[in-house]
Amino acid sequence: MRRMTTRLRSFGLLLAVFALVALVACQAAPAGPQVVSLIVTGGTVVTVDAARHVFSPGAVAVNGRDIVAVDRADVIDKRFKGAQTIDASGQVVLPGLVNTHGHAPMVLYRGLADDLALMEWLQNYVFPAEAGTVNPEFVRIGTRLAALEMIQSGTTTHTDMYYFEEEVAKATREAGMRGVLGETILNFPSPDSKTPAEGLARTEAFIRAFRGDQLVVPAVAPHAMYTLDEQWLRASRALADKYAIPVILHVGETQDEVSTSLGKYKLRPVEYLESIGFWGPRTIAAHGVWLSDAEIAILKRRNVALSHNPESNMKLASGTAPVVKCLNAGMIVALGTDGAASNNDLDMFEAARQAAFLHKLQTMDPRALPATVVLEMATIRGAQALGMDREIGSLEAGKRADIITVSMKGARQTPMYNAVSHLVYVSKGDDVQNTIVNGRVLMRDRKVTSLDEARVLADARAMAERVKQAVKK
Ligand SMILES: [Zn+2]
């Protein structure tokens, strides 16, 4: 027995010696570059990180779904070897754009009726078209078209409230995009729910189906304070709290909404929602065109983010949101396009430029909303608004690899003194060359790989015939 133990001991010692030799040998070998799944190199990398680093030429190393390093191109080249490489020379590399408000399937109503007063537009066109056409197939085909447009124009995360939201979620996931998505809840019958109770039940089923997904974040989406009674607004908040998920709603979009609220409750919309205990964390209020100083103070106190949609607000002549005031108050302000029926595209570069111009004009101050702030609104502040800034919104090691590259080689972009200035004041969605989400290349050299482009367009054109028939009736 004793002898046996001694033998075992000497065997153990031998093993330890072998392990030590192996370790020394390993360390002595020259350290080769680490192999990663993808390297984007050679462009001007605008990180939008806390120090607002810009590397030129810079590179981003990606492994699987995550960014592993962002640095000068020569540093990355020494440290890493990519299974795939994207040459971004002559391009700007930046975080994927975050659209914080939209209704994706409404791309199928793009240009159906323009230049009308809001109520005429809604009652004679949007509502009849929706009543006659919205079903799961319509939502699927519309979301695929929207996803194609968003991938082509550099949006990697979109925020959505519509109907049959599970179809929006499936199409978003298939396209490889990220989405914060919520089923619209209304007091009156909608295309998929006869009552608000049914809308909430659908929402809870949706949350259970998609929570924990890599790309889809479920949200609760009560439409607005003027389209829902107090009990349903409270129930929406309770549901969001139960699952600790975001809330999306429209607030203070028109003067009509404010006068309705004042008439009914003697309170402005944000004040009314405060009085019923609606405001809470992870809330994205869309529009906020008509906000008083007191309402801005409430939103700030409750840490509610504003999704500013300049093009929709201008096209529907809703008014100009007090964006500079909200920023000065310390609110998180992000950008959105709204649905394509009131924009009429999903190009976040255009939303960024329009936002800058609109607020310079409104304040009569060209220093208002500088390019650096607008780019943040389209990226990191969008991520903050959605409560996702630990995962997305900037190019940093450890974050998800949501990356786009934008060409700066054309006449329009020449010369380039300042990349951030060009991104906001010169670039258009069509300048995006590569779109990467969660480490997957969704568009390479303008060829979308995650969707069958010809099929998506053909399906959308066929669906448009049904929309025309519905509006004719
Ligand atoms: Zn909207």
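See above for the structure.
None of these values were measured; they are calculated from a predicted model.

Trainee: Before we go on, may I ask you to explain the overall build of the protein chain in this structure?
Mentor: Each helix and strand counted, the protein chain has 17 helices and 17 strands in total. Against the globule reference of 23 Å for 473 residues, the protein chain gives a C-alpha radius of gyration of 25 Å, in line with a compact fold. In terms of principal-axis extent, the alpha carbons of the protein chain reach across some 95 × 65 × 50 Å. When the 473 residues of the protein chain are sorted by exposure, 56% land in the buried category. Residue pairs in contact within the protein chain that sit at least 24 positions apart in sequence constitute 73% of those at least 6 positions apart. For the protein chain, the exposed area adds up to about 20,100 Å²; of that, 56% sits on carbon and sulfur atoms. Treating the 52 positive side-chain charges of the protein chain as one cloud and the 50 negative ones as another, the clouds have centres 9 Å apart.

Trainee: It is not clear to me how the pattern of salt bridges should be interpreted in this structure. Could you clarify?
Mentor: Between side chains of opposite charge, a pair can form when the charged atoms approach closely. Inspection of the entire model under this criterion finds 30 salt bridges. Residue K315 is joined to D114 by a salt bridge in which the shortest nitrogen-to-oxygen separation is 2.9 Å. Here the residue K315 occupies a position in helix α11 (residues 310–315), and D114 occupies one in the loop between β6 (97–99) and α3 (118–133), the gap between them amounting to 201 residues. Since its relative accessible area comes to 30%, K315 is described here as partly exposed. Taking the shortest distance from any N to any O, the salt bridge between E465 and K468 comes out at 3.2 Å. Of this pair, E465 and K468 are both found in helix α17 (residues 453–472), three residues apart, which corresponds to roughly one turn of the helix. By relative accessible area, K468 is classed as partly exposed at 46%. The network of salt bridges with shared partners includes E166, E183, D192 and R202.

Trainee: Mind showing me how you'd approach the packing of helix α6 (residues 196–210) against helix α7 (residues 230–243) here?
Mentor: A pair of packed helices can be characterised by two numbers: the angle between their axes and the separation between those axes. Where α6 contacts α7, the two axes come as close as 11 Å, and the packing angle between them is 10°. The angle between α6 and α7 places the two elements in the roughly parallel class. Counted together, P196, A197, L200, T203, E204, I207 and R208 of α6 and W232, A235, S236, L239, K242 and Y243 of α7 form the full contact between these two elements. Tallied by class, residues from the contact of α6 with α7 come to eight nonpolar, two polar and three charged.

Trainee: I would appreciate a short explanation of the pairing of strand β8 (residues 178–185) in the present structure.
Mentor: Taken residue by residue, a regular strand's side chains alternate between the two faces of the sheet. By the criterion of burial, β8 is predominantly enclosed, with eight of the eight residues buried. Relative to β8, strand β7 (residues 155–162) is paired through six bridges, and the arrangement is parallel. Bridging from a neighbouring strand, T159 pairs with V180 of β8. Crossover connection from β7 via helix α5 (residues 165–175) to parallel β8: handedness right-handed. In terms of strand pairing, β8 meets strand β9 (residues 216–222) through seven bridges, oriented parallel. Within β9, the position partnered with V180 by the bridge is V217. Since β8 and β9 lie parallel, the crossover through α6 that links them has a hand, and here it is right-handed.

Trainee: Would you explain α5 in this entry?
Mentor: It helps to recall that an α-helix has 3.6 residues per turn; residues three or four apart then point in one direction. Within α5, the full set of buried residues consists of E165, E167, V168, A169, A171, T172 and A175. Among the structural elements, α4 (136–152), β7, β8, α6, β9 and β16 (440–444) are those in contact with the buried residues of α5. Phi turns positive one or two residues past the end of α5, at G176, with a value near 90°.

Trainee: Looking at this structure, how should I read the coordination of the zinc ion?
Mentor: Protein coordination of the zinc ion is provided by H101 (NE2), H103 (NE2), H250 (NE2) and D338 (OD), with donor distances spanning 2.1 to 2.6 Å. Note that the zinc ion binds four donor atoms; their angles at the metal cover 82 to 171°, and the shape is irregular. Within one chain, the residues serving as donors to the zinc ion are arranged as H-x1-H-x146-H-x87-D. With H250 in strand β10 (residues 247–251) and D338 in the loop between β13 (333–335) and α13 (348–363), this pair connects stretches of sequence that are 88 residues apart. Residue H250 shares its accessibility class with D338, and that shared class is buried.

Trainee: Where do I start with helix α8 (residues 255–265) in this structure?
Mentor: For α8, the complete set of buried residues consists of E257, V258 and S261. Buried residues along α8 cover an arc of 100° about the axis, so they all sit on one side. Of the exposed residues in α8, the ones pointing more than 90 degrees away from its buried face are Q255, D256 and G263. Packing partners of the buried residues in α8 comprise β10 and α9 (269–275). Directly beyond the C-terminal end of α8, a positive phi value near 60° is found at K266.

Trainee: Explain the side chain of T283 here, please?
Mentor: For T283, the position within the fold is in strand β11 (residues 283–287). At a separation of 2.7 Å, a polar atom in the side chain of T283 contacts the side chain of R237. Every residue in contact with T283, bar those within four places of it in the chain, is listed here: R237, V247, L249, V304 and A305.

Trainee: What's the story with the nonpolar core in this structure? I'm lost.
Mentor: Soluble globular proteins tend to bury their nonpolar side chains together. If you look at the biggest cluster of nonpolar residues, it comprises 110 residues, and the most contacted ones within it are V46, L94, Y109, F138, L273, W279 and L423. Take this core: its biggest share by element is nine residues, from α4. Not counting chain neighbours up to four residues away, the residues in contact with L423 comprise V46, V92, L94, F349, L375, V406 and M408. Counting residues in each nonpolar core, the second largest holds 16 residues, with F55, I67, V93 and I436 among its members.

Trainee: Is there a simple way to think about the pairing of strand β12 (residues 305–308) in this case?
Mentor: Burial along β12 is two-sided: the face carrying A305 and S307 and the face carrying L306 and H308 are both buried. Two strands pair when backbone bridges link them, and β11 and β12 are joined in this way by three bridges, in the parallel orientation. Bridge pairing in β12 places I284 opposite A305. One crossover worth recording links β11 to the parallel β12 by way of helix α10 (residues 293–301), and it is right-handed. Looking at chain direction, β12 and β13 are connected through three bridges and run parallel. Looking at β13, one finds that S307 is bridged to A334.

Trainee: Would you explain the layout of surface pockets in this entry?
Mentor: If a probe the size of a water molecule is rolled over the atoms, the empty space left behind becomes visible. Reported here for the largest pocket is a volume of approximately 920 Å³. Sorting the residues of the lining of the largest pocket by element identifies α3, β7 and α8 as the ones contributing at least two each. Contributing to the lining of the second largest pocket are 20 residues, with D213, V216, V217, M388 and E391 lying nearest its centre. Sort the elements by how many residues they give to the lining of the second largest pocket and β9 lands first, with three residues.

Scoring rules and cut-offs
- By convention here, each chain's residues receive numbers from 1 onward along its written sequence.
- Reporting in this predicted model follows two pLDDT cut-offs: at least 70 for local features of residues, and 80 or more for side-chain atom pairs to be given and counted; totals over whole chains, interfaces and linings ignore these cut-offs and use all residues.
- Hydrogens and water molecules were not included; the side-chain quantities draw on all heavy atoms of the structure.
- Each helix is a run of H or I in the DSSP string that is no shorter than four residues. Each strand is a run of E no shorter than two, and both are numbered from the N terminus.
- Every radius of gyration here is taken over C-alpha atoms, with the globule rule written as 2.2 Å times N^0.38, N being the number of residues.
- Each residue gets one of three labels from its accessible area relative to the maximum for its type: buried under 20%, exposed over 50%, partly exposed in between, using a 1.4 Å probe on protein chains only.
- Working rule for contacts: check all heavy atoms of both residues, and any pair within 4.5 Å makes them a contact.
- The method behind every accessible area is Shrake-Rupley, applied with a 1.4 Å probe, and residues are considered shielded solely by the protein chains displayed.
- We treat Lys and Arg as the positive residues and Asp and Glu as the negative residues; His and chain ends play no part in the count.
- Charge positions come from single atoms, namely NZ of Lys, CZ of Arg, CG of Asp or CD of Glu.
- When a carboxyl oxygen of Asp or Glu is within 4 Å of a side-chain nitrogen of Lys or Arg, the pair counts as a salt bridge.
- Helix axes are fitted only over the stretch in contact, all axes being lines through C-alpha atoms; the angle between N-to-C directions runs from 0 to 180 degrees.
- Roughly parallel refers to an angle under 35 degrees, roughly antiparallel to one over 145, roughly perpendicular to one between 65 and 115, and oblique to any angle outside these ranges.
- Throughout this entry, Asp, Glu, Lys and Arg are counted as charged residues, while Ala, Val, Leu, Ile, Met, Phe, Trp, Tyr, Cys and Pro are counted as nonpolar. The remaining residues, Gly among them, count as polar.
- When DSSP finds at least two bridges between two strands, those strands are taken to pair.
- With its strands directed away from the observer, a crossover is right-handed exactly when the path from the first strand over the helix to the second travels clockwise.
- As a rule, N, O and S atoms within 2.8 Å of a metal are its donors, except that Na, K and Ca use 3.2 Å; water is not among the atoms, so sites may look incomplete.
- The rule is simple: four donors are tetrahedral if all their angles sit between 85 and 135 degrees, four are square planar and six octahedral if opposite donors span more than 155 degrees and the others lie between 65 and 115, and anything that fits none of that is irregular.
- The arc in question is the one traced by the directions running from the helix axis out to the C-beta atoms.
- Polar contacts, as counted here, are pairs of nitrogen or oxygen atoms within 3.5 Å of one another; within protein the pair requires one atom able to donate a hydrogen and one able to accept it, and residues that are adjacent in sequence qualify only if both atoms are side-chain atoms.
- Nonpolar cores were defined as sets of buried Ala, Val, Leu, Ile, Met, Phe, Trp, Tyr and Cys residues, with membership established by side-chain atoms within 4.5 Å.
- In this analysis, the protein atoms alone were mapped onto a 1 Å grid. Cavities are point sets where a 1.4 Å probe fits without being able to get out; pockets are open sets with protein on both sides within 12 Å along at least five of seven lines; lining residues have an atom within 4 Å of a point.
- Grid points are joined across faces, edges and corners, and a volume is the space filled by probe spheres set on the points.

These values are about where atoms sit, not about what they do.
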